[in-house]
Amino acid sequence: MSFPSDNNFLANNEISTPKIDRWRNWFFVLVLLAGAGYLSLKPFLTGWVAGAKIKIEAVVISNLKISKTASVGGDKVVLPPPLPKPPTPTRRVDSVDLMEPFTARAIMARDLASGYVLFAKNEYQKWPLASVTKLLSALVLLDMNFDFATTTVSATGELADSYVAQGVEYRAEDFWLAALVASSNRSIMSLAVATGLTEDEFVAKINAKAKELGMPDTHLEDPTGLDPDNTTTASDAATLIAEAVRHDKIRMALLTREINLADAEGENKLHIWNTDWLLLNWIPNQFLEFNGGKTGYIAVSDYNFVMQVGDGNGHLVNIAVLGAESHEARFVEAKKVAEWVFESFEWVIQ
C-alpha cells in the first residue's frame, strides 16, 4: 500500500480563506467607507433635513390660514363651499335699442346682483341730489341706533316745509314717516338735531356714509337736500337706493302710501300722500316687484327719482333719474327704462 506524497496532499487540501470570510472582510471595508462618507457629508445632510423641515412646516401653517368664515370640526379644517356666481343679464338677440327722447339729464339702470349696467345716460355727470339726500340721513340715523319711540321738538329756522310746524313736539316715528313718505324737510332736520350732534357733525357723518357705500362723486352740505351743493351722479344715486331699501325700516316707509300726521298732543292733523306716483299707481304700471322709491326736487335740480324694481323672478334693478323736466316726467322715464330692461335682458347663469 502506498501513500500519496506530501506535495499531492497539499495540492488537494489547499489552505485558503473561506468565501464567508472574504465577504465579512468586504463588509467591514464598506462599513468603514460609509462611516467616513457620513462624517464628511453630515454637515450637508443636517442642513438639508433642517431646510426641508422648515419648508414642510411653512406649507402646513399656510394651509391653516383660512378665512373667518371657515368652520373647524374635530381636527379637520372645513372650508365653506364657494358662493355661486349671480346670473348675468344678457341682452336678447331680438331686443332693440331704447331710443326714447328722455328729458332727464342723467339716468342709470344697474342690476343689483351682478352690478351690470343695463342702461345709462350721463351716469357720471354731477347733479344736485335734492331730497334724495334724506335716504343718506336715514341710513346714518339707523347706524346711530336712534330711538324712534321718543318724542322730540321740531327744528326751528327757515326750512321749506308744508307739514310740520316749528318748535312743536312730535313723535320721532312720525318725523321718520313724514321725512320719507312726504319728504318733509323739517322732519329729517328735527331727527338730525335730536341725535345731539351739531348740523356740521351730522353732515360729516352722511358724507362718511356716502364714501363707505362706494359713492365717490357724492358730496353733502345739509341733511335735507335743500342745499344746491348737495351733489351726486346717477351712478351713485343707484348705489344709494340699493342700500336704502336693504333696510326694512326705510323700505317699509318708502312703501307707505299715505300717513296721518299729528303732533304729540294729537293736534295739527294732516293727511299726506306719498310723493312717489309709481307707488300710488297714479302713473299706471305693472311692476311685479317694487321695493320703493324716493323723490327729490329743488329749483336747480329739476326733478329727481330713484327706485328699485324687479321682474318677479328675483332679478332686481336699481334705477336713478336725475334732472327730469317735470314732476310726472321723472316717473314716466324711470318706468320706461325699467320696462325696456325687463323686455331686453334675460338673466343667465354662467
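Residue numbers restart at each chain and count upward from 1, following the sequence in its written direction. Side-chain atom pairs in this predicted model are given and counted only at pLDDT of 80 or more, local residue features only at pLDDT of at least 70, and totals for whole chains, interfaces and linings cover all residues. For side-chain calculations, the full set of non-hydrogen atoms in the structure is used, while hydrogens and water are omitted.

A. How the structure looks around helix H6 (residues 199-212). With 14 residues, H6 should reach 20 Å at 1.5 Å per residue; the first-to-last C-alpha distance of 20 Å fits that figure. The cut-offs for exposure are 20% and 50% of the maximum accessible area for each residue type, with area from a 1.4 Å probe on protein chains only; residues under the lower value are buried, those over the upper are exposed, and the others partly exposed. Strands are runs of DSSP state E lasting at least 2 residues, helices are runs of H or I lasting at least 4, and numbering of each runs from the N terminus. If you check which residues of H6 are buried, you get Phe202, Val203, Ile206, Asn207, Lys209 and Ala210. Each buried residue of H6 lies within a common arc of 155° when the element is viewed along its axis, so the set occupies one face. Summarising the geometry of H6, the exposed residues directed more than 90 degrees from the buried face are Asp200 and Glu212. Count one or two residues on from H6 and you reach Gly214, which has phi positive near 80°. What a helix is expected to span follows from its residue count: subtract one and scale by 1.5 Å. In this description, one arc is meant: the one made by directions from the helix axis to the C-beta atoms.

B. Broad picture of the pairing of strand E4 (residues 106-111). Counting buried positions along E4 gives six out of six residues, so the element sits mostly inside the fold. Judged by which residues are buried, E4 turns out to be covered on both faces: Ala106, Met108 and Arg110 on one side and Ile107, Ala109 and Asp111 on the other are all buried. Here E4 pairs with strand E14 (residues 316-324) via six bridges, running antiparallel. When the bridges of E14 are listed, Ala106 appears paired with Leu322. A strand pair is defined by DSSP finding two or more bridges across the two strands. For E4 and strand E5 (residues 117-121), the ladder comprises four bridges, and the chain directions are antiparallel. The residue bridging Arg110 from the neighbouring strand is Val117, located in E5.

C. Spotlight on the confidence of the model for the protein. Residues at a pLDDT of 70 or more form 78% of the protein, whose mean pLDDT is 86. A score between 0 and 100, pLDDT records how confident the predictor is in each residue. Whether two residues touch is decided by their heavy atoms; if any such pair falls within 4.5 Å, the residues are in contact. Contacts from residues 1-17, a stretch scored under 50 in pLDDT, to residues over four places away or in other chains number one contact. Note on residues 64-71: pLDDT under 50 across the span, and nine contacts to partners over four residues away in sequence or across chains.

D. Region of interest: the pattern of salt bridges. Only one rule defines a salt bridge in this text: a Lys or Arg side-chain nitrogen within 4 Å of an Asp or Glu carboxyl oxygen. Tallied over the full model, the rule gives 10 salt bridges. With a closest N to O distance of 2.9 Å, Asp143 and Lys209 form a salt bridge. Of the two residues, Asp143 sits in helix H3 (residues 133-143) while Lys209 sits in helix H6, which places them 66 residues apart along the sequence. Owing to a relative accessible area of 44%, Asp143 belongs among the partly exposed residues under this scheme. When its relative accessible area of 7% is taken as the criterion, Lys209 is described as buried. Across the salt bridge formed by Arg246 and Glu243, the nearest N and O atoms sit 2.9 Å from each other. Residue Glu243 is classed as buried on the basis of its relative accessible area of 14%. Residues participating in the shared-partner salt-bridge network are Asp143, Lys209 and Glu212.

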